[in-house]
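What follows is each chain in one-letter form.
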Amino acid sequence: MFTINPNASGYCYEDTSFSWNKNTDCCSWNGVRCDETIGQLIELDLYCSGLQGTFHSNSRLFQLSSLKRLDLSYNNFYGSLISPKFGELSSLTHLDLSGSSFTGLIPAEISHLSKLYVLRLQTHDPYGLRLGAYNFELLPKHLTQLREFDLYSVNISSTIPLNFSSYLTTLWLSRTQLHRVFPERFFHLSNLDYLYLSSNSLTGPIPSNVSGLQNLQRLFLSSNYLNGTIPSWIFSLPSLQWLYLSYNSFGGKIQEFKSKTLFYLSLKQNQLEGPILKSLLDHQAVCHLKTLGFEIKQVARPPISDSRTDSLFAQIRVIDLSSNGFSGDLLMTLFANFQAMKLIVTIKGWIWNFLEF
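Every value quoted in this text rests on a predicted model; they were computed, and no experiment measured them.

## Quick look at the packing of aromatic side chains
Okay, so step 1: Taken as a whole and judged by the stated rule, the model has 21 aromatic pairs.
Okay, so step 2: Aromatic rings pair up to connect Tyr 152, Trp 172, Tyr 194, Tyr 196, Phe 220, Trp 242, Tyr 244 and Tyr 264 into one cluster.
Okay, so step 3: Over the face of the ring belonging to Trp 242 we find Arg 218, whose NZ or CZ atom lies 4.4 Å from the ring centre.

## Description of the nonpolar core
Okay, so step 1: Residues Leu 70, Phe 86, Leu 95, Phe 149, Phe 164 and Phe 186 are the most contacted members of the largest nonpolar core, which totals 73 residues.
Okay, so step 2: Those elements that provide at least two residues to this core are strand S2 (32-35), strand S3 (40-45) and helix H1 (133-142).
Okay, so step 3: Discounting chain neighbours no more than four positions away, the residues touching Leu 70 are Leu 44, Leu 61, Phe 86, Leu 89, Leu 92, His 94, Leu 95 and Asp 96.

## Examining the pairing of S3
Okay, so step 1: Note: S2 against S3, four bridges, orientation antiparallel. Along S3, the bridge assignment pairs Arg 33 with Glu 43.
Okay, so step 2: Between the antiparallel neighbours S2 and S3 lie four residues, among them Gly 39 with a positive phi of about 65°.
Okay, so step 3: The pairing of S3 with strand S5 (residues 69-71) spans three bridges and is classified as parallel. Of the residues in S5, the one forming a bridge with Glu 43 is Arg 69.

## Considering the side chain of Ser 158
Okay, so step 1: Secondary-structure assignment places Ser 158 in the loop between strand S10 (148-150) and strand S11 (170-172).
Okay, so step 2: Not counting chain neighbours up to four residues away, the residues in contact with Ser 158 comprise Ala 133, Phe 136, Gln 177, Leu 178 and His 179.

## Quick look at the sheet that holds strand S14 (residues 201-205)
Okay, so step 1: One open sheet holds the five strands; their spatial order is S12-S14-S16-S18-S20, and the pairing between them is parallel. Of all strands in the sheet, those bounded by a partner on one side alone are strand S12 (179-181) and strand S20 (271-272).
Okay, so step 2: Of the pairings in the sheet, the one linking strand S16 (residues 225-228) to strand S18 (residues 249-252) comprises two bridges and is parallel in character. Paired with Asn 227 across the strands is Ser 249, a residue of S18.

## Considering the state of the cysteines
Okay, so step 1: This structure, assessed with the given rule, holds one disulfide.
Okay, so step 2: Across a sulfur-sulfur distance of 2.0 Å, Cys 27 and Cys 34 are joined as a disulfide pair. Looking down the S-S bond of the Cys 27 and Cys 34 bridge, the torsion is -90°, so its handedness is left-handed.
Okay, so step 3: On the basis of relative accessible area, Cys 34 is assigned to the buried category, the value being 15%.
Okay, so step 4: Cys 27 provides the cysteine sulfur closest to Cys 26, a residue in no disulfide bond, and the two sulfurs are 4.3 Å apart.
Okay, so step 5: Note on Cys 26: relative accessible area 33%, which makes it partly exposed.

## Some words on the pattern of salt bridges
Okay, so step 1: Tallied over the entire structure, the rule returns three salt bridges.
Okay, so step 2: Between Arg 33 and Glu 43 there is a salt bridge, with the nearest N and O atoms lying 2.9 Å from each other. Here the residue Arg 33 occupies a position in strand S2, and Glu 43 occupies one in strand S3, the gap between them amounting to 10 residues.
Okay, so step 3: Classification of Arg 33 as partly exposed rests on a relative accessible area of 46%.

Quick notes on the rules
- Residues numbered from 1 in each chain as written.
- Predicted model: local features only at pLDDT ≥ 70, side-chain atom pairs only at ≥ 80, totals over all residues.
- Heavy atoms only, no water.
- Phe/Tyr/Trp six-rings, centres within 6.5 Å; stacked < 30°, edge-to-face > 60°.
- Lys NZ or Arg CZ within 6 Å of the ring centre and 35° of its normal.
- Core = buried A, V, L, I, M, F, W, Y, C linked by side-chain atoms within 4.5 Å.
- Buried < 20%, exposed > 50% of the residue type's maximum accessible area, 1.4 Å probe, protein only.
- Helix = DSSP H or I, 4+ residues; strand = E, 2+ residues; numbered from the N terminus.
- Contact = heavy atoms within 4.5 Å.
- Pairing = 2+ DSSP bridges.
- Disulfide = S-S within 2.5 Å.
- Salt bridge = Lys/Arg side-chain N within 4 Å of Asp/Glu carboxyl O.

What follows is the structure, given as structure tokens:
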């Protein structure tokens, strides 16, 4: 039995709590969808519903054999195990148990859900959910239709399997204690939109020759032990908007930018060297950039001192050039042209001195 506690859904920004009336048809209830032709419940969406209590293996939920979509995310089932009986819901295409305080081992039976398109099991408790190395291999091996695979902050402590679904568009494995050499296989998943692998212990270089990834919009590899040079193809990805490579051991020079879509760029806390890129002075290359973080140990000339900077960085809101080896003069007039920063100052008057230096 669950109780309704509005505070049970701590990460929710809107009230989606429900009230079910036993005197009405359950197919009319909020969060419930039925297939009228067979008279069976096929979708149950209880996201952020304020549910609180223990989730038992004898729940009547597991009798809903026609269920295709199940979303129990952002409730509070604190201390509950993920039941192996979830694996009996063989019609599921969408399973979301994120942020609901499940704990313990993720059962191998989840790999029986061969029709899954979306599997989200992320947790905000680094000691909450665990996935054994063998079960981690089972999931991508059997879930060959997956489009979205989210295990954020699940304790896996394993190497990365090589048999992920070629249909994947989102792969979220940040903070999962993955280790050993970064697999090239990821860069051959041509349908990827989002790849999150930050805050692990991955080593080795990023492969230098990669084609495809025309749809990749977000690449998060920060806080690992990656090394080598940053390959030029990354800065040429036609759809890339977010690039986080900070807190690694990349060295050498940064390749020229060819991207016209990048919004967020962070390369700080590496071992990069050489001059600031000429392409950063190209208005077409950086006109959408909102966040820029650099740390370059050796620089041959002043960081930015070009007359073309008058119209640069119109959208920039955050710039971090700390811990560098820059030499020469930094033109203060450059910052006067950061129009988006001016807007922030207008709205947040308490930080206006930031632009006064």
